[in-house]
Amino acid sequence: MNNVIECNNLTHYYGKKRVYENLNFHVSEGSILGLLGKNGTGKTTTINILNGFLQPRSGECLIFGENTQHLSPRTKARIGFLIEGHIQYSFMNIRQIEKFYSGFYSKWKPAPFWELMSKLNVTPTQKISTMSCGQRSQVALGLILAQDPELLILDDFSMGLDPGYRRLFIDYLREYAKAENKTIFTTSHIIQDMERLIDDLLIIDFDGVLAQTSVNEFMGSFKRFDFVLENDKADLKKAPFVVNLDKVKNKIELYTYSSESIVKKYLDDNNITVSNFAQVKMGLEDAFIGLTGKY
Amino acid sequence: MMWKSVVYKEWLKIRWFLIGYTLLGILSIGYLFLTVKHGFAFTGGKNIWNTFLFLGHQFFSPLKYVPLVGGLTIAIAQYFPETVNKRIKLTFHLPLGENKALLMMHAFGAVSLLLSFLVFFGMFAGFSLVYFPVQMVTDSIISISPWFLAGFASYFLVALIVLEPEWKFRFYYSVVGGFFLTIYFAPAQTAAYGPANSGLFVLTAFLSIALLFSAYRFRKGEM
């Protein structure tokens, strides 16, 4: 499968503060990839580099084979971009903004835009600045759908949206992307939303990429085991399979890619007595926190 | 089609400012010549002639900052909305070259300003010819030309300042730009700016692409 996005050895600093070093990832054609990471790990930085709004210190990102620092107009027409906060030209009304954008895209399809607008309680002459955040999100989404791009880059699409609009946004987007074989690269602070939308994930932390795989594979292999230590002095942090460990007094939350038998064998081999050992079912948000830590 | 869309967006941003400014400019010129008419009626032509020719009074001096105000108004109306929430990103993402998009926007703003100025110039020349001989009208036009060039210069400079991503640089540009604009407003006898006007024109034309530097800095990620 072709890579729509390919970033190689991406390194960026803000002054002396390192954002990341030698970050490598790719997004395959037709996949919906979510970029997950805590605040400050470089999600928006990555989006800005992908859109050519930021020059990385070294490394490069390619979209459809072109360096993102010099995207040609033809390639830009193939990319739909949602700015964080669903920013659009708020001095326009929905009729004006549809007219404005239609002049730029040869494949412009007004039907999806007006279909979405018909779901909103707005008039065609109502200025975008007077709309709610949720309504503005639908305007921004409608414009991207009308553009009919092959790749959608969405920066924190759930920001400021109430649960209803978030659900509407995700369901509409996923159905559209799957029906039309679109590729999506997205970030969001709300992991539950990502769980409904994405096929693949890329989790970054201050030290680089923690995981890049499909959601199903990640959720199938990443596990949480809870147990109670008989001796709360026992040190499990050095165990080779531990990805993350949360310890409150003698209660342990252990995150690992290893199986239950491997964990239990380690405990037995090291004479660590535990009780109430159980694997806990996780959602994507639990797994994300388990992998990256709470702090 | 793309240029039509660019013009459409820019028009939506500046239309009321442009119309309002043009109307105020027309009223200013109307008021100026009402004053001239009043002078002729109440102090007599001979006296007016004396103050203009021998005492150096410039009847057109109330127009001095009218073009400057126009340049500031149109530049702010056009570029400030692009900086709110970094909306300029939307422009840069359009399927045309970033510089080309900006220069199209800029050309539209400059032409709008030019049209407004042409109305003022036409009114000024027309009314002046009613009251003064051709030589005096020509000299007056030479004198007001730098002020109109200052209108364009302020438009270009404010675009540079507003699009600049860093406040520190905005401040520097404002100080330098403010001093630079004084070149256009040095006190001078009527028609004294004649030899300098072509040089000022070239200088102003160079300023027209200054905003590309701010756009370049924005795209590099300065903030």
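Basis of the calculations
- Position labels on residues start from 1 in each chain and follow its written sequence.
- Naming scheme: in the order in which they are written, chains are lettered from A and ligands are numbered from 1.
- Given that the model is predicted, a residue must reach a pLDDT of at least 70 before its local features are reported, and side-chain atom pairs must reach 80 or more before they are shown or counted; all residues, however, enter totals for whole chains, interfaces and linings.
- Only DSSP runs of H or I with at least four residues qualify as helices, and only runs of E with at least two residues qualify as strands; both kinds are numbered from the N terminus onward.
- Here a residue counts as buried when 20 or more other C-beta atoms fall within 10 Å of its C-beta, as exposed when 12 or fewer do, and as partly exposed in between; the C-beta atoms come from the backbone.
- Contact between two residues is assigned when their C-beta atoms, built from the backbone, lie within 7 Å.
- As used throughout, a nonpolar core is a set of buried Ala, Val, Leu, Ile, Met, Phe, Trp, Tyr and Cys residues joined through C-beta atoms within 7 Å of each other.
- For the domains described, the bounds stem from an automatic or database domain assignment.
- Whether two strands pair comes down to DSSP finding at least two bridges between them.
- For helices, the axis comes from a line fit to the C-alpha atoms of the stretch in contact; other axes are also lines fit to C-alpha atoms, and the angle between any two N-to-C directions lies between 0 and 180 degrees.

What to know about the overall build of chain B
A count of helical and extended segments in chain B gives 9 helices and 0 strands. Listed by position from the N terminus, the elements making up chain B come as α-α-α-α-α-α-α-α-α. The principal-axis extent of the C-alpha atoms belonging to chain B is close to 65 × 30 × 25 Å. Per-residue burial over chain B gives 34% buried out of 223 residues. Considering only residue pairs separated by 6 or more positions, chain B has 87% of its internal contacts joining residues 24 or more positions apart.

Considering the interface of chain B and chain A
The interface is formed by 22 residues belonging to chain B together with 23 residues belonging to chain A. Looking at the side of chain B that touches chain A, the elements with two or more residues in it are helix H1 (2-43), helix H4 (88-93) and helix H9 (211-220) of chain B. Top element by residues in the side of chain B that touches chain A is H1(B). It accounts for 7 residues.

What about the nonpolar core?
Of all hydrophobic cores here, the largest spans 123 residues; its most connected members are A:Leu33, A:Ile63, A:Ile153, B:Tyr155, B:Ala159 and B:Leu163. For this core, the leading source of residues is helix H6 (residues 134-163) of chain B, giving 16 residues. Two domains each provide a minimum of three residues to this core, namely domain 1 (3-217) and domain 2 (222-292) of chain A. Sequence-distant contacts of B:Leu163, defined by excluding residues within four places in its chain, comprise B:Tyr79, B:Thr83, B:Ile88, B:Leu211, B:Ser214, B:Ala215 and B:Phe218.

As for the sheet that holds strand S4 (residues 58-63) of chain A
Residues and elements named next belong to chain A. The strand order across the open sheet formed by 4 strands is S2-S1-S4-S5, and the pairing between neighbours is antiparallel. Each having just a single partner strand, strand S2 (17-28) and strand S5 (66-67) make up the two edges of the open sheet. In the sheet, strand S1 (residues 3-14) pairs with S4 via 5 bridges, with the strands oriented antiparallel. Pairing of Cys7 across the sheet is with Cys61, part of S4.

Details of the sheet that holds strand S14 (residues 274-280) of chain A
Adjacent strands of a sheet pair through backbone hydrogen bonds, lying either parallel or antiparallel. Residue and element names in this part refer to chain A. Spatially, the 4 strands line up as an open sheet ordered S12-S13-S11-S14, and their pairing is antiparallel. Each edge of the open sheet carries a strand with a single partner, namely strand S12 (242-248) and S14. Ignoring which end each strand starts from, the neighbouring axes of this sheet average 20 degrees apart. Where strand S11 (residues 223-229) lies against strand S13 (residues 251-256), 6 bridges are found, and the strand directions are antiparallel. Along S13, the bridge assignment pairs Arg224 with Tyr255. Contacting S11, S12 and S13, helix H10 (residues 284-292) crosses the sheet at an angle of about 95 degrees to S12.

So, unusual backbone geometry
All names here are of chain A. One non-glycine residue with positive phi stands out, namely Asn9, at about 50 degrees. With respect to the helices and strands, the residue Asn9 is situated in strand S1. Judged by C-beta crowding, with 12 C-beta atoms within 10 Å, Asn9 ranks as exposed. A positive phi is found at Asp148, a non-glycine position, where the angle reads about 55 degrees. Position of Asp148 among the secondary structure elements: in the loop between helix H5 (133-147) and strand S7 (151-154). Taking the C-beta count within 10 Å as the criterion, Asp148 has 18 such neighbours and is therefore assigned partly exposed.

Description of the environment of B:Ser140
Residue and element names in this part refer to chain B. Position of Ser140 among the secondary structure elements: in helix H6. Between the C-alpha atom of Ser140 and that of Tyr65, which follows or precedes it by 75 residues, the distance is 15 Å. Beyond its immediate chain neighbours, meaning those up to four positions away, Ser140 contacts Phe60, Ser128 and Thr190.

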